[in-house]
Amino acid sequence: MSHPRLVVVHPDAGVLAEAAAARLLTRILDVQSVRSPVHVVLTGGTVGIRTLARAASSPLLAAVDWSGVHLWWGDERFLPDGDPDRNETQAREALVDGLIAGHGLPAGNVHPMPGPSSVGSPEEGAAAYAAELARFAPVAAEASAGADDAGSLAVPAFDVLLLGMGPDGHVASLFPGHEGLAATGTTTGVHHSPKPPPQRVSLTFGAIRSAREVWVVAAGAEKAAQAAAALGTDGAGHEVSDVPAAGATGRTRTLWLLDAAAAGK
Ligand SMILES: O=C(O)[C@H](O)[C@@H](O)[C@H](O)[C@H](O)COP(=O)(O)O
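Residues numbered from 1 in each chain as written. Predicted model: local features only at pLDDT ≥ 70, side-chain atom pairs only at ≥ 80, totals over all residues. Heavy atoms only, no water.

In the annotation of an unreviewed UniProt entry, the protein is listed under the name 6-phosphogluconolactonase and assigned to Myceligenerans crystallogenes. Entered under Catalytic activity (unreviewed entry) in the UniProt record, the comment concerning the protein runs "6-phospho-D-glucono-1,5-lactone + H2O = 6-phospho-D-gluconate + H(+)". Taken directly from UniProt, the Function (unreviewed entry) text for the protein runs: "Hydrolysis of 6-phosphogluconolactone to 6-phosphogluconate." (UniProt positions renumbered as here; feature names shortened; annotations may be inferred.)

Below, the structure written as structure tokens:
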């Protein structure tokens with residue numbers, strides 16, 4: 001990794017979500033002052049969704065030109081459209097549908113990962129999403145810049161990629177010891193997820209690491225051990241296969257936004 005991770009600790013999960021939301025909106029504003037469109041990857045999980053809900057309540061919301069923003073997902077639970085447990089459903093309820101209804105976000109700029117309502121398997125969903133990602137990929141040269149694995153990755157130039165982290169150190173739907181960790185390309189189907197539901201679709205590490213900035217948001221004492229392991233502050237060496245969050249790095253910046261409990265304080 002060519003740059004250090006920046007760790008910012010907030011007193012509690014509420015302040016963390018508020019600060020992450022403000023940071024996200026400000027980052028979108030900064031990016032769209034120099035380029036458009038802006039590509040943001042959302043995450044599921046309680047902290048990720050709470051961050052979106054706080055963004056929906058922010059006065060900064062109206063400062064963003066949402067017509068030039070595209071929203072993607074880092075992973076999705078392989079559930080029917082509209083299922084309340086889908087990351088997309090929760091994100092739409094928290095923020096996205098309000099952006100479409102009242103802030104000029106084009107519905108076509110929202111790119112959910114397919115589920116069983118439209119494809120037959122997580123693998124089919126992964127393939128369909130890879131094709132959608134490729135539709136928005138910049139020229140191959142830029143797309144491959146900074147990608148870890150050889151060859152260009154056909155994904156948009158993600159400006160901010162949000163990730164939650166599970167107590168086992170998973171990010172997106174890349175779980176310790178799972179085959180998805182080694183997946184090449186941009187997306188992968190996931191089975192036997194230790195976190196329900198068992199079937200999912202996820203970006204690969206290659207797609208995650210292609211992002212300009214990767215932000216990991218985590219709260220709660222149950223995350224402290226894996227956060228320390230991922231950040232290398234527990235004094236032990238850890239393989240990414242054991243602590244997937246350790247492999248979540250951005251091309252220009254990797255930001256860890258924690259509450260005090262997840263920071264072990
Ligand atoms: O589909 C999911 O569940 C998420 O994408 C997953 O990666 C989540 O972000 C982490 O499990 C953290 O979730 P919490 O913030 O709820 O602990």
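The rest of the description comes next.
Quick notes on the nonpolar core
The biggest cluster of nonpolar side chains holds 73 residues, and the ones touching the most others in it are Leu42, Trp66, Phe158, Leu161, Leu163, Leu203 and Trp256. By residue number, the principal contributor to this core is helix H1 (residues 13–32), which donates 7 residues. When near neighbours in sequence (up to four residues on either side) are disregarded, Leu163 contacts Thr43, Val171, Ala172, Ile208, Val214, Trp215, Val216, Val217 and Ala248. (Core = buried A, V, L, I, M, F, W, Y, C linked by side-chain atoms within 4.5 Å. Buried < 20%, exposed > 50% of the residue type's maximum accessible area, 1.4 Å probe, protein only. Helix = DSSP H or I, 4+ residues; strand = E, 2+ residues; numbered from the N terminus. Contact = heavy atoms within 4.5 Å.)

Section: helix H4 (residues 122–135)
Residues three or four positions apart in an α-helix share a direction because the helix packs 3.6 residues into each turn. When the terminal C-alpha atoms of H4 are compared, their 20 Å separation across 14 residues agrees well with the 20 Å that a helix rising 1.5 Å per residue should span. Among the residues of H4, Pro122, Gly125, Ala126, Tyr129 and Leu133 are the ones counted as buried. Axial view of H4: buried residues confined to an arc of 100°, hence all on one face. The elements touched by buried residues of H4 are strand S3 (69–73), strand S6 (187–190) and strand S7 (200–203). (Expected span 1.5 Å × (residues − 1). Arc of directions from axis to C-beta.)

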